[in-house]
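# A closer look at the structure
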Amino acid sequence: MADMDGFKEASAYGFDQPQRNEAFFLKGNENRGWGVKNRLARIFNPKSGHTVMLACDHGFIMGPTSGLERVDLTINPLIEYADCLMCTRGILRSVIPPTMSKPVCLRSDGGTTILTDLNLNRVYDVEDVVRVNASAMAVMVACGDRASEQITTQNLVHTVDMGEKLGAPRCNPELFSLGIPVLGVTAVGKDMARDARYFGLATRVCAENGAAFVKTYYVDEGFEKVVAQCPVPIVIAGGKKLPEDKALELAYKAIQAGAAGVDMGRNVFQSAKPLAMMKAIAGVVHQGLTPQDAFQLYNDEK
Ligand code: R5P
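Residues numbered from 1 in each chain as written. Predicted model: local features only at pLDDT ≥ 70, side-chain atom pairs only at ≥ 80, totals over all residues. Heavy atoms only, no water.

## Thoughts on the layout of surface pockets
- For the largest pocket, the calculated volume is near 1400 Å³.
- Along the walls of the largest pocket sit 46 residues, with A187, V188, R194, Y217 and R266 positioned nearest its centre.
- When residues of the lining of the largest pocket are traced back to their parent elements, those giving at least two are α2 (59-62), β7 (182-186), β8 (213-216) and α10 (244-256).
- Of the residues forming the lining of the largest pocket, the biggest block, four residues, is contributed by α10.
- Across the lining of the largest pocket, the residue classes break down as 19 nonpolar, eleven polar and 16 charged.
- Of the volumes computed, that of the second largest pocket is approximately 270 Å³.
- Residue lining of the second largest pocket: 15 residues in total, with P98, M100, V104, V132 and N133 positioned closest to the centre. (1 Å grid on protein atoms, 1.4 Å probe; cavity = no way out; pocket = protein on both sides within 12 Å on 5 of 7 lines; lining within 4 Å. Points joined across faces, edges and corners; volume = space filled by probe spheres on them. Helix = DSSP H or I, 4+ residues; strand = E, 2+ residues; numbered from the N terminus. Nonpolar A, V, L, I, M, F, W, Y, C, P; charged D, E, K, R; others polar.)

## Topic: the packing of helix α12 (residues 274-287) against helix α13 (residues 291-301)
- Where α12 meets α13, the closest approach of the two axes is 8 Å, and the angle between their N-to-C directions is 155°. As far as their axial angle goes, α13 and α12 are roughly antiparallel. Here α12 runs over α13; the crossing is right-handed. Contacts from A276, M277, K279, A280 and V284 of α12 reach α13 at A294, L297, Y298 and E301.
- When the residues that make up the contact of α12 with α13 are grouped by side-chain class, the tally is seven nonpolar, no polar and two charged. (Axes fitted to C-alpha atoms, helices over the stretch in contact; angles between N-to-C directions. Parallel < 35°, antiparallel > 145°, perpendicular 65-115°, else oblique. Left-handed = near helix turned anticlockwise from the far one by under 90°. Contact = heavy atoms within 4.5 Å.)

Printed below as a string of structure tokens:
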């Protein structure tokens with residue numbers, strides 16, 4: 001029995017203030033469960049509505065890519081400047097300190113490499129995703145690729161289902177849904193057109209199959225249409241290494257066209273000054289810096 005000596009009567013009922021029901025800040029995610037929303041709100045900054053995800057999952061298909069030979073030396077010092085870390089479970093367990101507090105978007109499929117046929121992947125068990133406390137699962141979808149379209153789309157469907165899997169089916173399902181959102185990652189085969197029509201289709205397929213957010217590539221022509229037709233937020237990959245000012249311009253144009261952030265790898269960890277680049281990209285994504293101002297910031301931080 002709690003000690004009732006000096007019990008203070010409850011009185012702050014706020015009768016003049018109705019309890020607020022706030023709309024969730026990320027498009028297309030209002031009707032998801034509390035856990036999904038909370039995880040997304042760790043990945044996306046609720047103030048800006050945007051995110052800077054630091055991608056370092058390249059090794060699972062490419063091996064020791066330039067800049068990722070020693071993830072402990074190159075990526076770990078950058079983590080505190082990112083909103084989210086995107087990596088594989090192998091790197092997470094072997095190199096990333098479990099004391100870090102940033103959300104993890106876990107690469108959740110694997111199976112093939114650049115040496116053979118890309119994307120013939122299978123997905124991780126959701127139990128392992130829970131074990132490493134990931135905030136989202138990233139799965140590749142290869143629309144238009146005859147060899148892997150079906151398997152990768154099924155992978156996404158399966159992963160979304162696992163993210164909603166019930167821990168205790170005989171109880172109230174809502175209480176026990178795992179609530180882990182899925183990032184659909186649009187793969188682009190060598191023979192596919194990299195245009196707004198293709199990326200519009202690919203991002204929409206990911207969203208239609210349940211992805212809570214989608215990663216794709218920026219294109220100069222019609223990217224605003226890609227964003228508008230996708231009912232959930234879009235983040236852009238950086239792609240191959242560009243000069244720093246060009247990479248900042250790419251991020252700026254994507255944000256101006258409605259992207260909700262970046263999931264960037266090589267343009268950060270292959271930069272001459274990765275930490276300065278992280279800060280400059282965050283300036284573009286969260287503060288709306290122009291490419292010129294962001295490049296100035298990069299040079300000041302070098
Ligand atoms: C690609 O499948 C990987 O998931 C990368 O995370 C993604 O392409 C982003 O990295 P980058 O900015 O280097 O393209």
